[in-house]
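Listed below, chain by chain, are the residues.
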Amino acid sequence: MSLRHALLGLLSERPASGYDLLKLFETSLANVWPATQSQIYTELTKLADTGLIAVTAEGPRGRKEYALTDEGMAELRHWLTETTPQRAVRSDMMLRVFFLGVLSPEQARGYLIELVDLSDQACEDLRGLMDSIDWEDGNLSVYGRMVLEYGLRFNAMRREWAQWASGLIE
C-alpha cells in the first residue's frame, strides 16, 4: 500500500484538511500504515498536482480542504481491484529474531519477553482507541473496525508466539 492510496481512501469518505487526515491516520491507520505530518502534506501536494484530489476550500493560516476527484476515485478503485497486494513484508523484529543466536540465552529470551510486553501495550492502545472512537455507520467505521480487530488479533498472536519462542531457548 502506498501513502497515496491511503489518502485517496480516506478522502473517498468526505473532504478533509491535512490536519484532519493526520488525525484520521492516528485513529485508524496507524497500526497498518503510519505516516508523519510532513509525509501527508507532501503527498497531498503531489495528489493535487496530478489531479487526483482538488482543493475545495481554503481557510485561515493556509488551511486547505481536499476532496477526491473522479480521477482520484478511479485510481483508488483501480488500485483496489486491479493490483496485487505486496506479499513481501520487512520486519525488523523478525530479522533480529533470526540472529538472536549471537546473544546469550538470557539476552535472547529478554528480547522475546520485550516482544510480549510490546504486544500487550499495543493491544492496550488499540482497545483504548476502540473505546474512544464514535463509531458511525460509514464505510471508514465499518472497515476501520475490521482493521482495528486485525491489529488486536495480530498482537495477541505475536504475544503468544514470543512466549512460545522464549520457551525454546535453553
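Further up the page is the structure itself.
I will try to describe carefully the structure that is included in this document. (Residues numbered from 1 in each chain as written. Predicted model: local features only at pLDDT ≥ 70, side-chain atom pairs only at ≥ 80, totals over all residues. Heavy atoms only, no water.)

## Brief notes about the sheet that holds strand 3 (residues 64-68)
Thought 1: One open sheet accounts for 3 strands, arranged 1-3-2; its pairing is antiparallel. Strand pairing shows two members of the sheet lacking a second neighbour, strand 1 (16-17) and strand 2 (53-58), which therefore form its edges.
Thought 2: Two elements, strand 1 and strand 3, share 2 bridges in a ladder whose sense is antiparallel. Residue pairing for strand 3: Ala 16 is matched across the bridge by Tyr 66. (Pairing = 2+ DSSP bridges. Helix = DSSP H or I, 4+ residues; strand = E, 2+ residues; numbered from the N terminus.)

## So, the packing of aromatic side chains
Thought 1: In this structure the tally under the stated criterion is 2 aromatic pairs.
Thought 2: Between Phe 98 and Phe 99, the aromatic rings sit 5.2 Å apart at their centres with planes inclined by 85 degrees, giving edge-to-face as the arrangement.
Thought 3: Judged by its relative accessible area of 68%, Phe 98 falls in the exposed class. (Phe/Tyr/Trp six-rings, centres within 6.5 Å; stacked < 30°, edge-to-face > 60°. Buried < 20%, exposed > 50% of the residue type's maximum accessible area, 1.4 Å probe, protein only.)

## Quick word on unusual backbone geometry
Thought 1: Positive phi values are uncommon outside glycine, yet Arg 61 reaches one of about 60 degrees.
Thought 2: Tracing the sequence through the fold places Arg 61 in the loop between strand 2 and strand 3.

## Quick notes on helix 7 (residues 139-168)
Thought 1: In this model, helix 7 (30 residues) spans 43 Å end to end at C-alpha, consistent with the 44 Å of a helix rising 1.5 Å per residue.
Thought 2: All buried positions along helix 7 are accounted for by Ser 141, Gly 144, Leu 148, Gly 151, Leu 152, Asn 155, Arg 158, Ala 162, Ala 165 and Ser 166.
Thought 3: In the core, the buried residues of helix 7 are packed alongside helix 5 (92-98) and helix 6 (105-132). (Expected span 1.5 Å × (residues − 1). Contact = heavy atoms within 4.5 Å.)

## Description of the pattern of salt bridges
Thought 1: Tallied over the entire structure, the rule returns 5 salt bridges.
Thought 2: Residue Asp 20 is joined to Arg 63 by a salt bridge in which the shortest nitrogen-to-oxygen separation is 3.1 Å. Taken together, the residues span a long stretch of sequence, with Asp 20 in helix 2 (residues 18-29) and Arg 63 in the loop between strand 2 and strand 3 at a distance of 43 residues.
Thought 3: The partly exposed category is assigned to Asp 20, whose relative accessible area is 29%. (Salt bridge = Lys/Arg side-chain N within 4 Å of Asp/Glu carboxyl O.)

## Looking at the nonpolar core
Thought 1: Core analysis: the biggest nonpolar cluster contains 20 residues, and Leu 7, Leu 11, Leu 21, Phe 25, Ile 40, Leu 44 and Ile 53 have the highest contact counts within it.
Thought 2: Counting residues per element, the ones that place at least two in this core are helix 1 (3-11), helix 2, helix 3 (37-49) and strand 3.
Thought 3: Broken down by element, the residue count for this core peaks at 6 residues, all from helix 1.
Thought 4: Setting aside residues no more than four positions away along its own chain, Leu 21 makes contact with Leu 7, Leu 10, Leu 11, Ala 16, Ile 40 and Leu 44. (Core = buried A, V, L, I, M, F, W, Y, C linked by side-chain atoms within 4.5 Å.)

## Some points on the pairing of strand 2
Thought 1: Here 5 bridges tie strand 2 to strand 3, and the two strands are oriented antiparallel to one another. Paired with Val 55 across the bridge in strand 3 is Tyr 66.

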